[in-house]
Amino acid sequence: MLYAIVGTDIDNSLAQRQSARPEHVARLQQLQTEGRLIMAGPFPAVDSPDPGDAGFTGSLIVAEFESLDAAQAWADADPYVAAGVYDHVTVKPFKQVLPA
C-alpha cells in the first residue's frame, strides 16, 4: 500500500537540511531503485522553486510500504529526523487515484 509521509520543519531548518540532505536523498534513491517511490520533494518557504535562504517548511514523500508500521519505522529513521530538521512527521495511508 502507498503511504504519505509529511515532515514539518522546525523554524530556520536550512542549515540542518543541507547537512543531512545527502543521507536523506540516498534513502529516497534506495526506495526509487526498489520501485517503491512515487514522489518526493520539499515545500519551499516562499513561492519559488528555489527559495534560497528562505529554505523549506517541510517535505512530502509518497512511497509503497508493507504496512503503516513499516512506513512509520522508515520515517522515524530518516536522517532529517536525527538532524532535528523536522518538528514532527505524519504518516498516513494514501490511495492514489490520478494519474491512473
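Above this note sits the structure.
Quick notes on the rules
- Residues numbered from 1 in each chain as written.
- Predicted model: local features only at pLDDT ≥ 70, side-chain atom pairs only at ≥ 80, totals over all residues.
- Heavy atoms only, no water.
- Buried < 20%, exposed > 50% of the residue type's maximum accessible area, 1.4 Å probe, protein only.
- Helix = DSSP H or I, 4+ residues; strand = E, 2+ residues; numbered from the N terminus.
- Pairing = 2+ DSSP bridges.
- Salt bridge = Lys/Arg side-chain N within 4 Å of Asp/Glu carboxyl O.
- Phe/Tyr/Trp six-rings, centres within 6.5 Å; stacked < 30°, edge-to-face > 60°.
- Lys NZ or Arg CZ within 6 Å of the ring centre and 35° of its normal.
- 1 Å grid on protein atoms, 1.4 Å probe; cavity = no way out; pocket = protein on both sides within 12 Å on 5 of 7 lines; lining within 4 Å.
- Points joined across faces, edges and corners; volume = space filled by probe spheres on them.
- Expected span 1.5 Å × (residues − 1).
- Bend = angle between axes of the 7 residues up to and from the residue.
- Contact = heavy atoms within 4.5 Å.

A. Main features of the pairing of strand β1 (residues 2-9). Counting buried positions over the eight residues of β1 gives six, a clear majority of the element. As paired elements, β1 and strand β3 (residues 56-64) share seven bridges and run antiparallel to each other. When the sheet's bridge partners are listed, G7 is paired in β3 with S59. In this structure, β1 lies alongside strand β4 (residues 86-94), joined through eight bridges in antiparallel fashion. Residue pairing for β4: D9 is matched across the bridge by Y86.

B. Expanded view of the pattern of salt bridges. According to the stated counting rule, one finds three salt bridges in the structure shown. Salt-bridge contacts for R36 lead to E34; the nearest nitrogen and oxygen are separated by 2.5 Å.

C. Seen up close, the packing of aromatic side chains. Applying the stated criterion to the full structure yields three aromatic pairs. Measuring from ring centre to ring centre gives 5.7 Å for F65 and W74, while their planes differ by 50 degrees; the resulting arrangement is tilted. Judged by relative accessible area, F65 falls into the buried class, the value being 4%. For W74, a relative accessible area of 13% gives the class buried. Between the aromatic rings of Y80 and Y86, the centroid separation amounts to 5.6 Å while the plane-to-plane angle is 80 degrees, which identifies the pairing as edge-to-face. Accessibility classification places Y80 together with Y86 in one group, the buried group. Through a chain of ring-to-ring contacts, the aromatic side chains of Y3, F65 and W74 assemble into a single cluster. Above the face of the W74 ring, R27 is positioned so that its terminal group lies 4.0 Å from the ring centre.

D. Region of interest: the layout of surface pockets. The space that makes up the largest pocket amounts to roughly 280 Å³. Around the largest pocket sit 17 residues that line it, and R21, H24, V25, P42 and Y80 are the ones nearest its centre. Among the elements of the structure, α1 (14-33), β2 (37-44) and β3 are those that each provide at least two residues to the lining of the largest pocket. Counting residues per element, the lining of the largest pocket draws most heavily on α1, which supplies eight residues.

E. Here's a closer look at α1. The end-to-end C-alpha distance of α1 is 27 Å, a good match for the 28 Å that 20 residues give at a rise of 1.5 Å each. The principal kink in α1, of about 55 degrees, is found at R21, preceding the proline P22 by one to four residues. Among all positions of α1, only L14, R17, A20, H24, R27, L28 and L31 are buried. Contacts from the buried residues of α1 go to β1, β2, β3, α2 (68-76), α3 (79-82) and β4. A positive phi of about 75 degrees marks G35, the residue just after α1.

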